[in-house]
Amino acid sequence: MTYDGRDRSAFWPEKLLVREESLADPLAKRLMSKLEGHAEISILSEKGDPLAADTAGDSSDAERFTKGKRTLLLQRHSGSWLKACPGTSGHVCCNLWIVNPGEGCPFDCTYCYLQSYLKRNPTLKLYTNIQEMLSEIETRASAEPNRMFRVGTGELIDSLVWDDLSEQTLELVPFFARIPNVLLELKSKDDYVENLLTLRNEHLGKTVVSWSVNAKSVTEKDERSTASLEQRIAAAEKVVEAGYRVGFHFDPLVHFEGWEDEYRDTVQSIFSRIPAERVAWVSISTLRYRSDLQDMMLARFPESKIPFGEQFLAKDRKIRYVQPLRFRMLHFVRDELMAIRKELPVYMCMESSSAWRQITGGAPVAGSELSEVFSRKGKLPIIEEGHHL
Amino acid sequence: MMLGSLKQYVEEKHVGGSLRERLEALGVDEQEALCAILALSPSANTLQELLRLSVEIAARDGVSLHSVLSSEELLAILEREGVNRKEKQKLLRALLEETRFPEMKKIRDSLSAHQAQLRKECGLRLSLPEDLEGDSVSLEISARSPKDLEQLAARIKQLAKHPSTKAVFDILGGHSS
Ligand code: SF4
């Protein structure tokens with residue numbers, strides 16, 4: 001499959017650092033070969049993040065973070081891989097499991113929480129020992145065969161952004177197809193799906209490809225280097241055609257003048273091209289962040305209006321919209337989505353039980369259209385005609 | 001370079017850290033506009049908050065800090081007669097908060113109007129959740145006799161049916177603005 005989309009080399013790394021221990025790993029060899037002539041490649045023997053606050057001189061967090069966006073470090077991951085999504089106490093948790101095949105992202109969204117989460121270690125990373133990640137998932141899943149593990153790779157990294165270079169999905173997708181009680185969720189703002197398309201007969205319905213989506217003006221102004229909304233929808237259309245189910249994450253909903261019209265347009269643009277019954281889930285959540293992210297946004301995106309929205313510093317030191325406004329936004333987008341299809345599995349991410357009561361009438365219940373998202377037992381994914389588990 | 005009155009304020013209040021840096025970075029016209037506020041002798045914390053709100057409004061609206069600090073509404077507060085310095089600081093803060101968070105202000109105003117209505121017509125004070133976070137409101141009642149309680153029960157019944165009570169719940173739940 002050839003990709004005829006954006007100039008991907010625009011966000012490829014300018015510097016590729018490879019740890020000695022990773023040199024012989026197939027992923028490192030692949031990246032070194034593909035980036036030869038594009039990136040300055042060096043072997044790294046020292047430990048630690050080369051752009052960490054204590055090693056990279058007296059530059060500011062913001063400067064180091066920006067520099068980190070163009071430096072990719074290949075290394076092995078040590079420690080455990082599979083983690084239950086941390087959620088937040090007092091919030092209804094969607095039972096997502098997380099694995100991180102790397103961390104950091106060459107895209108540059110104004111509101112990205114990685115700017116505060118990774119500010120001390122901003123170099124982008126890809127782990128070269130993902131075979132170990134897959135073994136850990138297999139061991140865990142076979143130890144609890146009656147439990148469904150919905151596993152996401154898009155928490156600290158965009159699931160598709162490196163796929164033209166790393167070809168990781170060629171390993172991940174067939175692996176998840178083979179294990180009965182796991183389901184993979186790829187989450188992205190990219191439109192590179194060419195590897196996924198070659199796996200149309202191998203994914204067996206066990207991979208959901210999801211996109212974070214937003215109002216058009218937010219995508220245009222505050223999601224630098226990402227695929228446009230139109231390109232994301234086109235990519236979703238292609239994977240649907242290849243038999244995958246897709247997901248959409250309206251995250252973060254941003255309040256601005258005219259937000260209702262723009263979010264309505266986004267919903268309409270998606271569902272005018274993607275059949276609602278091919279959508280595994282849709283999540284909605286509003287802008288919220290730790291207070292230190294505000295400084296990073298101000299320093300890195302002085303032209304953005306996002307830091308000057310209606311969000312305020314609440315007593316728990318989180319910055320968010322006041323509840324009546326937040327709930328109004330959630331109501332609005334949920335209603336728009338439910339008007340498309342009543343059975344659409346729409347859930348709220350990082351919201352309290354009070355939000356669930358107010359907006360959906362109660363927490364998700366077993367047997368509802370949200371079973372696949374919230375039930376630990378889960379139901380097995382819908383298997384496409386001609387695909388067998 | 002700092003103007004004389006700003007320099008004096010910085011020394012008198014022992015202003016240091018980020019506020020001092022921020023003040024030092026101001027242009028001459030911004031310092032001049034700020035001096036009118038300094039005449040109210042705000043604490044360093046109050047000044048920092050007023051300045052933060054002003055800077056954010058300027059950045060959001062794409063206007064200069066000078067124009068925010070010398071807006072007609074702001075100058076009207078500074079020039080108001082019969083209002084003491086503390087009161088003027090409060091009014092300034094309220095004005096800047098209202099300008100910075102217009103939607104939040106609308107929500108709070110609307111809730112306050114309904115609370116006032118309930119107080120007037122049912123004689124009961126409905127308290128809202130802290131930071132407007134959560135879906136329960138509270139009522140504090142006190143009685144000196146069983147008879148008092150009976151009367152209160154009747155008023156609570158009236159309050160439960162009052163349209164303003166429904167409006168408060170609707171606003172908190174994001175059903176209306
Ligand atoms: S795509 Fe996601 S991970 Fe990448 S910068 Fe944007 S928000 Fe952050």
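Read on for an overview of the structure. The structure presented is a predicted model; accordingly, all values stated were derived computationally and were not measured.

1. Quick look at the sheet that holds strand 1 (residues 15-19) of chain A
Residues and elements named next belong to chain A.
Then, number 1: Strands sit in the order 2-1-3-8-6 across an open sheet of five strands; the sheet is mixed. Of all the strands in the sheet, just strand 2 (40-44) and strand 6 (102-103) have a single pairing partner and so form its edges.
Then, number 2: The sheet contact formed by strand 6 and strand 8 (residues 124-127) spans two bridges and is antiparallel. Residue pairing for strand 8: Glu-103 is matched across the bridge by Lys-125.

2. Quick notes on the packing of helix 4 (residues 130-143) of chain A against helix 6 (residues 169-178) of chain A
Residue and element names in this part refer to chain A.
Then, number 1: In contact at an axis separation of 11 Å, helix 4 and helix 6 are set at 15° when each is read in the N-to-C sense. Considering their axes alone, helix 4 and helix 6 lie roughly parallel with respect to each other. Relative to helix 6, the crossing made by helix 4 is right-handed. Counting all contacts with helix 4, which are made through Ile-130, Gln-131, Met-133, Leu-134, Ile-137 and Glu-138, the residues of helix 6 involved are Glu-171, Leu-172, Phe-175, Phe-176 and Arg-178.

3. Things to note about the site of the ligand
Then, number 1: As a matter of local geometry, the ligand sits amid Cys-105, Phe-107, Asp-108, Cys-109, Cys-112, Leu-114 and Lys-189 of chain A.
Then, number 2: Tallied by class, the residues present in the shell around the ligand amount to five nonpolar, no polar and two charged.

4. Re the pattern of salt bridges
Then, number 1: Tallying each qualifying case throughout the model produces 47 salt bridges over all chains.
Then, number 2: A salt bridge links Glu-138 of chain A to Arg-178 of chain A; the nearest nitrogen and oxygen atoms lie 3.2 Å apart. With Glu-138 of chain A in helix 4 and Arg-178 of chain A in helix 6, this pair connects stretches of sequence that are 40 residues apart.
Then, number 3: With its nearest N and O atoms 3.1 Å apart, the salt bridge here joins Glu-144 of chain A to Arg-140 of chain A.
Then, number 4: When its relative accessible area of 31% is taken as the criterion, Arg-140 of chain A is described as partly exposed.
Then, number 5: One salt-bridge network, in which partners are shared between bridges, spans Glu-49, Arg-52, Glu-56, Arg-93, Glu-97 and Arg-100 of chain B.

What counts and how
Along each chain, numbering runs from 1 in the same order as the chain's sequence is written. Naming scheme: in the order in which they are written, chains are lettered from A and ligands are numbered from 1. Reporting of local features is limited, given that this is a predicted model, to residues whose pLDDT is at least 70; pairs of side-chain atoms are given and counted only at 80 or more, and all residues count toward the totals for whole chains, interfaces and linings. Side-chain metrics rest on all non-hydrogen atoms present in the structure, leaving aside hydrogens and water. For two strands to count as paired, DSSP must find a minimum of two bridges between them. A run of DSSP states H or I qualifies as a helix once it reaches four residues; a run of E qualifies as a strand once it reaches two. Both are numbered from the N-terminal end. Lines are fitted to the C-alpha atoms to define the axes, a helix being fitted only along its stretch in contact, and any angle between axes, read from their N-to-C directions, falls within 0 to 180 degrees. In this scheme, roughly parallel covers angles under 35 degrees and roughly antiparallel covers those over 145, while 65 to 115 is roughly perpendicular and the rest are oblique. Each helix crossing is assigned a hand: it is left-handed if the near helix lies turned anticlockwise from the far helix by less than a right angle, otherwise right-handed if that turn is clockwise. Should any heavy atoms of two residues lie within 4.5 Å, those residues are considered in contact. Any residue with a heavy atom lying within 4 Å of a molecule or strand is counted as near it. Charged means Asp, Glu, Lys or Arg here, nonpolar means Ala, Val, Leu, Ile, Met, Phe, Trp, Tyr, Cys or Pro, and polar covers whatever is left, Gly included. Any carboxyl oxygen of Asp or Glu within 4 Å of a side-chain nitrogen of Lys or Arg constitutes a salt bridge here. Partly exposed residues are those whose accessible area sits between 20% and 50% of the maximum for their type, while under 20% is buried and over 50% is exposed, using a 1.4 Å probe and protein chains only.

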